[in-house]
Amino acid sequence: MMQKTTRKLAALASGIIVSVGGLTTGAVTAHAAPQHPAAPKGAAAATCNTNSYSKPAGYNYYPTGFPGGTWLRATYGCGTIWVWPKTNRYVRVCFNYNSGAVCPGGYKYALANTWTLLATGVYGGAWYKLNFQTSGQSNGFYNG
């Protein structure tokens, strides 16, 4: 009788460990955010460079500073600029032309963990910044 009870307890305990282990693994995997998303779909986007960004709180531009400061440079043969914020954001692109800095068009609503197309017809070597509607901290990726 004692041996039967011990086997039942051992079987029950191992079943609980397997179940808890499965739940823990599933929970971690299900909520893990992508470390570096695949390039946006489309022939041109695949040739673009994907980089991460980290915009500190208190600034509306990445890289910080406008119209001066550092600018991002569009990849030759790319033609588009995309953004993948880790939180929902309103974003647009500003360009630095010889005649001065310009932010054409309105802000686009970029959903968290999703590629959003910000600009098309971008020539290779163009200087640009990401312009966020709010100055809160933002992290994510851009492709252009």
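Anyway, here's the lowdown on the structure attached to this text.

Thresholds, definitions, all that
Residues numbered from 1 in each chain as written. Predicted model: local features only at pLDDT ≥ 70, side-chain atom pairs only at ≥ 80, totals over all residues. Heavy atoms only, no water. Helix = DSSP H or I, 4+ residues; strand = E, 2+ residues; numbered from the N terminus. Buried < 20%, exposed > 50% of the residue type's maximum accessible area, 1.4 Å probe, protein only. Contact = heavy atoms within 4.5 Å. Areas by Shrake-Rupley, 256 points an atom, 1.4 Å probe, with all protein chains shown as cover. Disulfide = S-S within 2.5 Å. Pairing = 2+ DSSP bridges. Axes fitted to C-alpha atoms, helices over the stretch in contact; angles between N-to-C directions. Polar contact = N/O pair within 3.5 Å; in protein donor to acceptor, adjacent residues only side chain to side chain.

Helix and strand content of the protein: two helices and 10 strands. Tracing the protein from N to C terminus, the helices and strands come up as α-α-β-β-β-β-β-β-β-β-β-β. Across the 144 residues in the protein, those meeting the buried criterion constitute 32%. Taking the contacts inside the protein whose residues are at least 6 apart along the sequence as the reference set, 80% of them involve residues at least 24 apart. Split by element, the accessible area of the protein, about 8,500 Å² in all, is 60% carbon and sulfur.

Here we come to the state of the cysteines. In the structure shown here, the tally under the stated rule is two disulfides. Each sulfur in the disulfide pair Cys 48 and Cys 78 lies 1.6 Å from the other. Disulfide Cys 48 to Cys 78: torsion about the S-S bond roughly 95 degrees, handedness right-handed. Here Cys 78 lies in the loop between strand S3 (72–73) and strand S4 (80–85) and Cys 48 lies in the loop between helix H2 (43–47) and strand S1 (50–55), a separation of 30 residues in the sequence. Here the two residues Cys 48 and Cys 78 agree in accessibility, since each one is buried.

Here we come to the sheet that holds strand S8 (residues 116–120). In a beta sheet, neighbouring strands pair by backbone hydrogen bonds and run either parallel or antiparallel. Taken in spatial order, the four strands line up as S1-S10-S4-S8 in an open sheet, and their pairing is antiparallel. Every interior strand has two partners, whereas the edge strands, S1 and S8, have only one. Across the sheet, the mean angle from the axis of one strand to that of its neighbour is 25 degrees, orientation sign disregarded. Alignment of S4 against S8, held across four bridges, turns out to be antiparallel.

Assignment of secondary structure puts Gly 100 in strand S6 (residues 100–102). With a relative accessible area of 23%, Gly 100 lands in the partly exposed category.

Once that is clear, we can look at the environment of Lys 129. Topologically, Lys 129 is positioned in strand S9 (residues 127–132). Between the C-alpha atom of Lys 129 and that of Pro 63, which follows or precedes it by 66 residues, the distance is 6.2 Å. Side-chain polar atoms of Lys 129 contact the backbone oxygen of Pro 63, separated by 3.2 Å. A polar contact of 3.2 Å, which involves the side chain of Lys 129, links it to the backbone oxygen of Thr 64.

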